[in-house]
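An overview of the molecular structure
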Amino acid sequence: MPIGVIVNSLAVLTGGAAGALLGNKIPEHLRNNLTLIFGVASMSMGITAIVKLTYLPAVVFAVIIGTAIGELVHLEYGITVVAKKVQAPISRIFSGKDSDMSQEEFMQKLVSIVVLFCASGTGIFGALQAGMTGDHTILFSKSILDFFTAAIFAASLGYITCTVCVPQFVVLVLLFFSASIIMPLTNKEMLSDFTACGGILMLATGLRISGIKSFPIANMLPAMVLVMPFSYFWSHVIMSLL
């Protein structure tokens, strides 16, 4: 049973609901400052993951090519369009105070948390580890952070934050059940580079959440698919030629 995945998704759902329900009661300065803290936390987790890399050229190449692919297929734009369609019915169901943010800022933050919850290296590796070994510790630990993160973002974004648990559950449960296929095809170096690539996305997400620089983090997602093949190619082909 994907217990860790279920707990993680429920944490986002309940955290989002609590934050949206209590949004008006949470002081604005507290929401703003905690958002910055979550941005720093994301950057810290990203840096911690990045230092685990083995083959830097493979990771950098995967990020560049992956981002180029995401830009060409307009991945972030597609996510934004879907988010806008989901937002409308939710706004009709749940009445409440309108967000003070512009539509552009609203969508930027929403896309940021979609990537943060669905594509973090911690979540992906945690789901793979749980599926392969039955150890859900990483996902349980991630659930605690996700609960409070969802609550703070929901205080500004509203109940639409709760819907992020759906794509998160789909992504993590697919990884959980495919772990027995994926993990035997990998080695320690590939997993290290995969974690480092996720760390780069986490770092970019933290910078975006903090309002420092709006990286196209959704368009960077294809890098997560490319990094392990690139790492294998670098170690078995390029290194043998040097």
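Residues numbered from 1 in each chain as written. Predicted model: local features only at pLDDT ≥ 70, side-chain atom pairs only at ≥ 80, totals over all residues. Heavy atoms only, no water.

Overview of the overall build of the protein
Inclusion rule: Only runs of H or I of at least four residues qualify as helices and only runs of E of at least two qualify as strands under DSSP, and these elements are numbered from the N terminus. Based on C-alpha atoms, the radius of gyration is set beside the globule rule, defined as 2.2 Å times the residue count to the power 0.38. The rule is simple: take the accessible area with a 1.4 Å probe, protein chains only, and divide by the maximum for that residue type; under 20% is buried, over 50% is exposed, in between is partly exposed. We call two residues in contact whenever any of their non-hydrogen atoms come within 4.5 Å of each other. Reported accessibility uses the Shrake-Rupley method at a 1.4 Å probe radius. Residues are deemed covered only where the shown protein chains occlude them. When charges are counted, neither His nor the chain ends are considered; positive counts come from Lys and Arg and negative counts from Asp and Glu. Taken as the charge location is NZ of Lys, CZ of Arg, CG of Asp or CD of Glu.
Counting secondary structure elements, the protein contains 10 helices and zero strands. For 242 residues, the compact-globule formula gives about 18 Å, and the C-alpha radius of gyration of the protein, at 18 Å, lands near that figure. Its C-alpha atoms give the protein principal-axis dimensions of about 60 × 35 × 30 Å. A burial count over the protein gives 47% of its 242 residues as buried. Sequence separation of 24 or more characterises 86% of the internal contacts of the protein that already satisfy a separation of 6 or more. A total accessible area of about 11,800 Å² is found for the protein, and carbon and sulfur atoms account for 72% of it. Side-chain charges of the protein comprise 12 positive and 11 negative groups, with the mean position of each set lying 5 Å from the other.

Focus: the pattern of salt bridges
Note the threshold: Salt-bridge detection follows one rule: a side-chain nitrogen of Lys or Arg within 4 Å of a carboxyl oxygen of Asp or Glu.
Applying the stated criterion across every chain, the model contains two salt bridges. Between Glu76 and Arg208 there is a salt bridge, and its shortest N-O distance comes to 3.0 Å. Here Glu76, found in helix 4 (residues 75-93), pairs with Arg208, found in helix 9 (residues 188-209); they are 132 residues apart in sequence, far enough to count as distant. Per residue, the accessibility class of Glu76 equals that of Arg208, and both read buried. Two residues, Lys142 and Asp146, come together in a salt bridge whose shortest N-O distance is 2.6 Å. One end of the pair, Lys142, and the other, Asp146, are both in helix 7 (residues 137-157), four residues apart, so they sit about a helical turn from each other. Using a relative accessible area of 7% as the deciding quantity, one classes Lys142 as buried.

Side note on the packing of helix 5 (residues 103-118) against helix 7
This is how the line gets drawn: Each axis is a line fitted through C-alpha atoms, and for a helix only the stretch in contact is used; angles between axes span 0 to 180 degrees, taken between their N-to-C directions. Oblique is the label for any angle not covered by the other classes, which are roughly parallel (under 35 degrees), roughly antiparallel (over 145) and roughly perpendicular (65 to 115). Any residue outside Ala, Val, Leu, Ile, Met, Phe, Trp, Tyr, Cys, Pro, Asp, Glu, Lys and Arg is labelled polar, Gly included; the first ten of those are nonpolar and the last four are charged.
Viewed as axis vectors pointing N to C, helix 5 and helix 7 meet at an angle of 170°, and their least axial separation amounts to 12 Å. Considering their axes alone, helix 5 and helix 7 lie roughly antiparallel with respect to each other. The segment helix 5 lies against helix 7, with Phe106, Lys109, Leu110, Ile113, Leu116 and Phe117 engaging Lys142, Asp146, Thr149, Ala150, Phe153 and Leu157. Taken together, the residues that form the contact of helix 5 with helix 7 break down as eight nonpolar, one polar and three charged.

Brief notes about the nonpolar core
How we decide: Here the nonpolar core consists of buried residues drawn from Ala, Val, Leu, Ile, Met, Phe, Trp, Tyr and Cys, with membership extended through side-chain atoms lying within 4.5 Å.
Counting residues in each nonpolar core, the largest one holds 32 residues, and the members touching the most others are Cys197 and Val227. Within the residue set of this core, elements represented by two or more residues are helix 3 (56-72), helix 5, helix 6 (121-133), helix 8 (165-182), helix 9 and helix 10 (222-241). For this core, the element with the highest residue contribution is helix 9, accounting for six residues. In this structure Cys197 touches Val59, Val63, Ala223, Met224 and Val227, once residues within four positions along its chain are discounted. In terms of nonpolar packing, the next biggest core, distinct from the first, is built from 18 residues, Leu110, Val114, Ile160 and Val164 among them.

Here's the deal with the UniProt feature "transmembrane region" (unreviewed entry) in the protein
Just so we agree on the cut-off: UniProt positions are given in the numbering used here, feature names are shortened, and annotations may be inferred rather than shown by experiment.
The positions UniProt marks with the feature "transmembrane region" (unreviewed entry) are residues 6-22, 34-53, 59-83, 110-130, 150-178, 190-209 and 215-234. The annotated region residues 59-83 carries 92% helix and 0% strand content, and the separation between its end C-alpha atoms amounts to 30 Å. Along residues 215-234 the backbone is 65% helical and 0% strand, and the end-to-end C-alpha distance reaches 27 Å.

Brief notes about the packing of aromatic side chains
Formally: Between the rings of Phe, Tyr and Trp (Trp by its six-membered ring), a pair exists once the centres lie within 6.5 Å; its type follows the angle of the planes, with under 30 degrees stacked, over 60 edge-to-face, and the other angles tilted.
Per the counting criterion, the structure on display carries three aromatic pairs. A ring pair is formed by Phe176 and Phe177, whose centres lie 5.1 Å apart and whose planes are at 90°; its orientation type is edge-to-face. By relative accessible area, which is 56% here, Phe177 ends up exposed.

Focus on a nonpolar patch on the surface
Quick note on the threshold: Residues enter a patch when their relative accessible area is above 30% and they make no salt bridge; the linking distance is 9 Å between like charges and 5 Å between nonpolar side chains (Val, Leu, Ile, Met, Phe, Trp, Tyr).
A contiguous nonpolar surface patch, about 960 Å² in accessible area, is contributed by Met1, Ile3, Ile6, Val7, Leu10, Leu13, Phe140, Val166, Phe169, Val170 and Leu174. Secondary structure elements with two or more residues in the nonpolar patch: helix 1 (3-21) and helix 8. Of all the elements, helix 1 adds the most residues to the nonpolar patch, at five residues. Structurally, the position occupied by Phe140 is in helix 7. Accessibility expressed as a relative area gives 36% for Phe140, which makes it partly exposed.

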